[in-house]
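Structural description and commentary
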Amino acid sequence: MKKLVIVLLVVSLLAPFAAPAYADTVYTVQRGDTLFSIALRFGVTVPAILNANGLTNPNLIFVGQRLTIPTGGGGANNPSPNPGGSSTYVVQPGDYLGLIARRFGVTVAALLSANNISNPNLLFVGQVLTIPGGGATNPTPVPTSGNPPPTSTPAPPASGGKYTVQRGDTLSAIARQFGVTVAAIMSANGLTNPNLIFVGQLLTIPGAGGSQPTATPVPTSAPPPAGQPSWELGGQVNDFSQPDKMKYAGMFWVKRQVKWTPGAVADGGWITNAHNQGFKILLSVLGAPADIANGANYDAYAAYVGELARLGADAIEVWNEMNIDREWPAGQINPVSYTDLLKRSYQQIKAKNPNTLVISGALAPTGAEGAFGLDHVWNDSRYISGLAAAGAAAYMDCIGIHYNEGIISPTATSGDPRDNYFTRYYAGMVNTYYNAFGGAKKLCFTELGYLSPEGYGPLPGSFGWAGNTSAAEQAQWLGEAANLSKNSGKVRLQIVFNVDFTLYGDDPQAGYAILRPGGLCPACDSLRAVTGGR
């Protein structure tokens with residue numbers, strides 16, 4: 001009797017001997033397979049396999065089933081030619097449109113047009129791009145690692161010349177480099193938001209002279225602690241009762257939230273407990289908005305997190321969701337004010353323990369400022385750009401980020417039934433936050449989770465958007481997100497929200513938990529398929 005295969009991903013399918021599949025390759029489903037693990041093995045996407053085989057449910061495959069693995073052949077670095085002179089290219093970890101354009105000798109605008117892409121920041125690993133006619137058949141190697149090209153001494157264009165945006169650039173920096181104003185560059189390029197530029201974008205530099213620009217010194221941010229892995233996984237816990245399951249999933253970090261009040265004395269109990277069980281610990285430290293109104297108690301807070309660092313905290317998140325008035329004083333929401341708190345905290349933490357990772361407070365993903373006004377909420381896209389402009393990069397090792405409103409696969413960049421606002425999509429969040437700092441800092445997901453009501457009952461109205469998400473989808477999407485994060489080159493840490501919460505009411509935190517009713521943990525298997533466990 002054929003047995004249905006549910007979302008139980010096994011690490012053996014990630015073995016290095018698996019060769020990439022080409023057109024008309026057929027694979028026979030083995031015991032323990034899922035579409036996600038098969039897609040990982042052959043370097044394709046789950047939707048591609050679904051479409052090639054006429055499948056509608058990614059969780060219903062059976063042992064012995066023969067699947068067509070759809071790829072175009074040619075490999076990622078050797079584009080497959082198409083009629084009309086175009087070719088295709090499969091996006092690799094670390095790619096962005098500007099890099100791909102340089103590699104194939106085409107423009108970013110040509111790539112956008114050929115692939116009907118409206119947002120140049122929404123690109124994902126495994127995406128197949130059409131390289132328009134005129135691109136090089138054999139791509140020119142372009143470095144994708146190491147230090148980005150310097151932005152302080154570009155060759156200056158003549159009046160009306162062009163400049164290609166590099167990693168780390170901002171409009172103000174470019175304006176200083178070429179002796180023009182930000183307003184002049186915005187006007188010459190039809191820009192409305194000075195914080196929204198992207199790597200590879202071609203800018204007109206108006207009225208620039210022909211002499212070499214003089215770079216204006218900018219503060220140099222401190223390097224992150226040395227000797228740390230490029231990517232790690234962890235989970236936020238309520239009572240930390242299942243460390244073995246967390247280890248099975250491949251988690252090395254545990255996150256706990258600490259409530260600070262003026263006069264509080266730092267306690268190292270959670271730190272010691274985590275270390276005794278073989279985990280690093282991230283402490284997210286926040287307090288009441290009233291306690292920091294008008295800049296009050298900034299030094300007291302900074303001293304408190306400094307003491308936690310001295311007690312051995314491996315990472316500290318400085319505050320939380322400070323772009324909404326639930327977490328920051330109403331009428332005072334401002335990235336400049338927060339950067340002041342971050343600076344003081346960073347200095348105290350590093351003075352007490354230079355190896356403690358400092359993470360900026362993750363913002364609430366939102367587009368609600370138009371409805372409630374800037375006294376009460378800032379869109380996170382506005383706020384993250386403001387942090388970069390305020391110089392916050394000098395006082396952090398990692399950019400804090402939350403993603404907890406997804407209802408489709410993190411590999412998708414369109415198709416959310418609510419709308420196409422960037423916070424709906426994993427790639428939209430990653431690219432918006434990473435690009436805001438020009439790639440100068442990696443991201444730390446201090447919350448990444450998918451809400452499922454399965455096993456609990458209907459969700460409260462304000463969370464009804466997740467009403468159709470199953471526990472199997474939660475598991476699959478967490479695995480996919482881990483795989484994307486691990487291979488992106490943009491993410492340092494991913495904390496799953498959450499492991500073991502039990503509250504299911506107006507705030508249905510238990511619906512995010514990977515430990516489902518009855519004690520099962522399907523996401524532990526999907527995560528283990530990516531991490532290899534420990």
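Residues numbered from 1 in each chain as written. Predicted model: local features only at pLDDT ≥ 70, side-chain atom pairs only at ≥ 80, totals over all residues. Heavy atoms only, no water.

The next thing to look at is the state of the cysteines. Inspection of the entire model under this criterion finds two disulfides. One disulfide bridge connects Cys398 with Cys444, the sulfur atoms lying 2.0 Å from each other. Given an S-S torsion of about 105°, the disulfide between Cys398 and Cys444 has right-handed geometry. Of this pair, Cys398 sits in the loop between α12 (380-389) and β15 (399-403) while Cys444 sits in strand β16 (residues 443-448), placing them 46 residues apart in sequence. Judged on exposure class, the residue Cys398 and its partner Cys444 are both buried. Across the disulfide from Cys521 sits Cys524; the S-S distance is 2.0 Å. Between Cys521 and Cys524, the S-S torsion sits near 80°, and that sign places the bridge as right-handed. The class of Cys524 is buried, set by a relative accessible area of 4%. When the cysteines of the chain that form disulfides are numbered from the N-terminus onward, they connect as 1-2, 3-4. (Disulfide = S-S within 2.5 Å. Helix = DSSP H or I, 4+ residues; strand = E, 2+ residues; numbered from the N terminus. Buried < 20%, exposed > 50% of the residue type's maximum accessible area, 1.4 Å probe, protein only.)

On to the pairing of strand β4 (residues 66-69). By the alternation rule, side chains of β4 split into Leu67 and Ile69, which are all buried, and Arg66 and Thr68, of which none is buried. As judged from the four bridges shared by strand β2 (residues 25-28) and β4, these two strands associate in the antiparallel manner. Considered in β4, the bridge of Tyr27 is made with Leu67. (Pairing = 2+ DSSP bridges.)

Tracing the backbone shows Phe62 in strand β3 (residues 61-62). On the accessibility criterion, Phe62 (24% relative accessible area) is partly exposed. C-alpha separation for the pair Phe62 and Asp33, spaced 29 residues apart in sequence, amounts to 8.5 Å.

Here the residue pair Phe497 and Asn498 is connected by a cis peptide bond, since its omega of 0° sits within 30 degrees of zero. With respect to the element layout, Asn498 can be found in the loop between β17 (491-496) and α15 (522-531). Positive phi values are uncommon outside glycine, yet Asn294 reaches one of about 60°. You can call Asn294 exposed: its relative accessible area is 69%. The backbone of Trp319 shows a phi angle near 70°, a positive value even though the residue is not glycine. Mapped onto the secondary structure, Trp319 falls in the loop between β13 (315-318) and α10 (335-352). When its relative accessible area of 0% is taken as the criterion, Trp319 is described as buried.

Applying the stated criterion across every chain, the model contains 13 salt bridges. Between Arg344 and Asp340 there is a salt bridge whose closest N-O contact spans 3.0 Å. With Arg344 and Asp340 both in helix α10 and four residues apart, the pair spans about one turn of that helix. Residue classification places Arg344 among the partly exposed positions, given a relative accessible area of 26%. On the basis of relative accessibility, which here comes to 30%, the residue Asp340 falls in the partly exposed class. Across the pair Asp419 and Arg424 runs a salt bridge whose closest N-O atoms are separated by 2.9 Å. (Salt bridge = Lys/Arg side-chain N within 4 Å of Asp/Glu carboxyl O.)

Right, let's talk about the nonpolar core for a bit. Soluble globular proteins tend to pack their nonpolar side chains together in the buried interior. Grouped together as the largest cluster of nonpolar side chains are 94 residues, with contacts concentrated most on Met251, Val285 and Trp319. Judged by nonpolar contacts, the second largest core, of 13 residues, contains Tyr89, Val91, Ile117 and Ile131. (Core = buried A, V, L, I, M, F, W, Y, C linked by side-chain atoms within 4.5 Å.)

The next point concerns helix α2 (residues 46-53). Residues of α2 that are buried include every one of Val46, Ile49 and Leu50, and no others. Seen from one end, α2 has its buried residues packed into an arc of 100°, which puts them on one side. The secondary structure elements touched by the buried residues of α2 are α1 (35-42), β4 and α14 (471-488). At the C-terminal side of α2, Gly54 shows a positive phi close to 65°. (Arc of directions from axis to C-beta. Contact = heavy atoms within 4.5 Å.)

So, on to the packing of aromatic side chains. With the rule as written, the count across this model stands at 19 aromatic pairs. Ring centres of Tyr89 and Phe104 lie 5.3 Å apart, and the angle between their planes is 65°; this geometry places the pair in the edge-to-face category. With a gap of 15 residues between them, Tyr89 in strand β6 (residues 87-90) and Phe104 in helix α3 (residues 97-104) connect regions that are remote in the sequence. Ring plane angle 50° and centroid distance 5.0 Å describe the contact between Tyr421 and Phe422, whose orientation is recorded as tilted. The positively charged end of Arg534 is found above the aromatic ring belonging to Phe252, 4.5 Å away from the centroid. (Phe/Tyr/Trp six-rings, centres within 6.5 Å; stacked < 30°, edge-to-face > 60°. Lys NZ or Arg CZ within 6 Å of the ring centre and 35° of its normal.)

Angle between the axes and distance between the axes are the two parameters that describe a pair of packed helices. Close contact between α14 and α15 brings their axes to 8 Å; oriented N to C, the two are set at 20°. On the basis of their axis angle, the class for α14 and α15 is roughly parallel. Here α14 and α15 pass one another in a crossing that is right-handed. Across the interface between the two elements, Ala471, Ala475, Gln476, Leu478, Gly479, Ala482, Asn483 and Lys486 from α14 touch Pro522, Ala523, Ser526, Leu527 and Val530 from α15. In the contact of α14 with α15, the residues fall into eight nonpolar, four polar and one charged. (Axes fitted to C-alpha atoms, helices over the stretch in contact; angles between N-to-C directions. Parallel < 35°, antiparallel > 145°, perpendicular 65-115°, else oblique. Left-handed = near helix turned anticlockwise from the far one by under 90°. Nonpolar A, V, L, I, M, F, W, Y, C, P; charged D, E, K, R; others polar.)

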